[in-house]
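An overview of the molecular structure
What follows is each chain in one-letter form.
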Amino acid sequence: MSTPATPAKAGKSEGVWAASWRRLRSDKVGMVSMVIVGFFLLMVAASSTGLIAKNWQKEVGVPNAPPTFIGPAPAEATSAIVAPKGPNVDLSDIDPLAPKYKEWEERAKAYKTEVTVKAETLPMGGDRLGRDVLSKAIKGAEVSIMVGVLAAVVATIIGVVLGALSGFFGGRVGDFLEWLYNVFTAIPSILLIFAFAVIFGRGVMSVVMILGLAGWPGIYRLIRAEFMKHSVREYVRAAEAIGASRYSRMFKHILPNVSHVALVQLSLHVVGFIKSEVILSYLGLGVGVDQVSWGTMLSESQSELILGYWWQLAAVTGLMAIFVTAFALFTDALRDALDPKLRGLE
């Protein structure tokens, strides 16, 4: 049974987190990146709750409507069909349905046809069906970012648990997990992802499981090394001496001291998994046909670009580049703030 933390230890722990926050605040690039990442996460939350991009599937504009700053497309020339002169030809002798035409015409007049006025321009243009590209890009951001974050969480949980078991116990457990790690790393990651994609099929949760199962080896290797290093330190030996169980030493004593490694690895994997999801969806192995992501938008924009409709490609590329760059810079700043060696604590 572990002893409760003393006030001195609590103050020291609080000081460590305070020092990490001060270091992060001093990094201007990291703070700006954090604001951008926070904005995207708020946008994803608003999209998932239906506050924005709720009607992304509605055809609100004309097909391939240009962006508003370009203006409407020039009207196409139309030709009228000239009706022949003379009286109408009586078709009752050769068409058995001719007597019904007048009755059907009277019935059709009883129904009102509702004509929806479609916009000639949209803020960031429209796709081939007239759907708003901005709404699609926001909804695509929701799917791609959610897949990246959830897959990173799955990979981190698998890597931390297996790395902790291998680094702390060693022996046959460590040998088996090392063999499993070598098997996964011996296969190229892209081939491993494609193999899992064939097994799990398409869908958001399928992509999450595919990327999570393919991405844990790197986290496992780092966590295993940290547990091997911390398992022989004095504070762990002291916990063992007072009767702390193995799992208590692993997850109550060692894990909090290596959590910064897991957190940084989780952040790094988010960017990589977003890119992987884009590739899978671009190739038709990602989300379902009734969903949209950055990858499916890139796939659609390929055919539109040939016809000169570039705005869908520009919208999705711009949003993806901004988020991925900001998240990568924020991850670097977070790693510098949490790494004890960079803080001079080790």
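What you see is a predicted model, and the numbers here were worked out from it, not measured in a lab. (Residues numbered from 1 in each chain as written. Predicted model: local features only at pLDDT ≥ 70, side-chain atom pairs only at ≥ 80, totals over all residues. Heavy atoms only, no water.)

**Remarks on the environment of W311**
Residue position: W311 is located in helix 11 (residues 311–338). W311 sits 246 residues away from A65 along the chain, and the two C-alpha atoms are 9.5 Å apart. Beyond its immediate chain neighbours, meaning those up to four positions away, W311 contacts N64, A65, P66, P67, M124, G125, G126 and V133. (Helix = DSSP H or I, 4+ residues; strand = E, 2+ residues; numbered from the N terminus. Contact = heavy atoms within 4.5 Å.)

**Things to note about the pattern of salt bridges**
One pass over the full model with this rule turns up 12 salt bridges. Its salt-bridge partner being E103, residue R107 comes within 3.0 Å of it at the nearest N-O pair. Of the two residues, R107 and E103 are both situated in helix 3 (residues 101–109); the distance of four residues between them amounts to about one turn of the helix. For K229, the salt bridge is made with E226, and the minimal N-O distance between the two is 3.5 Å. In this pair, K229 and E226 are both assigned in helix 7 (residues 204–230), three residues apart and thus about one turn of the helix distant. A relative accessible area of 17% means that E226 is categorised as buried. In the salt-bridge network here, residues are joined through shared partners; they are D127, R131, K136 and E300. (Salt bridge = Lys/Arg side-chain N within 4 Å of Asp/Glu carboxyl O. Buried < 20%, exposed > 50% of the residue type's maximum accessible area, 1.4 Å probe, protein only.)

**So, the side chain of E142**
When you line up the elements, E142 lands in helix 4 (residues 133–169). Owing to a relative accessible area of 9%, E142 belongs among the buried residues under this scheme. In terms of polar contacts, E142 uses its side chain to reach the side chain of K139, at 3.0 Å. If we ignore the near neighbours within four places in the chain, the residues touching E142 are V44, S47 and S48. (Polar contact = N/O pair within 3.5 Å; in protein donor to acceptor, adjacent residues only side chain to side chain.)

**Examining the packing of helix 5 (residues 171–186) against helix 7**
Between helix 5 and helix 7, the least distance of the axes is 10 Å, while the angle of their chain directions is 135 degrees. One finds that helix 5 runs oblique with respect to helix 7. The crossing of helix 5 and helix 7 is left-handed. Between helix 5, through G174, L177, E178, L180, Y181, F184 and T185, and helix 7, the contact on the second element is made entirely by L213, W216, P217, Y220, R221 and R224. Per-class residue counts for the contact of helix 5 with helix 7 are eight nonpolar, two polar and three charged. (Axes fitted to C-alpha atoms, helices over the stretch in contact; angles between N-to-C directions. Parallel < 35°, antiparallel > 145°, perpendicular 65-115°, else oblique. Left-handed = near helix turned anticlockwise from the far one by under 90°. Nonpolar A, V, L, I, M, F, W, Y, C, P; charged D, E, K, R; others polar.)

**Quick notes on the packing of aromatic side chains**
In total, this model carries 13 aromatic pairs according to the counting rule given. For the pair Y181 and Y220, a centre-to-centre distance of 5.4 Å together with 35 degrees between the ring planes defines the contact as tilted. Of this pair, Y181 sits in helix 5 while Y220 sits in helix 7, placing them 39 residues apart in sequence. Here the two residues Y181 and Y220 agree in accessibility, since each one is buried. Judged by centre distance (6.2 Å) and plane angle (50 degrees), the ring pair of F196 and F200 falls under tilted. One end of the pair, F196, and the other, F200, are both in helix 6 (residues 189–200), four residues apart, so they sit about a helical turn from each other. Three or more aromatic residues joined by ring pairs form one cluster here, namely F39, F40, F323, F327 and F330. (Phe/Tyr/Trp six-rings, centres within 6.5 Å; stacked < 30°, edge-to-face > 60°.)

**Quick look at helix 7**
Over its 27 residues, helix 7 runs 37 Å from end to end, which matches the ideal 39 Å to within 8%, given 1.5 Å per residue. The sharpest bend along helix 7 comes to roughly 40 degrees, located at W216, with the proline P217 sitting one to four residues further on. (Expected span 1.5 Å × (residues − 1). Bend = angle between axes of the 7 residues up to and from the residue.)

**Topic: the side chain of S301**
Structurally, S301 is set in helix 10 (residues 294–306). By relative accessible area, S301 is classed as buried at 2%. A distance of 2.9 Å separates a polar side-chain atom of S301 from the backbone oxygen of L298. When sequence neighbours within four positions are dropped, the list of residues in contact with S301 reads Q312 and L313.

Such coordinate-based values are descriptive only and should not be taken to indicate function.
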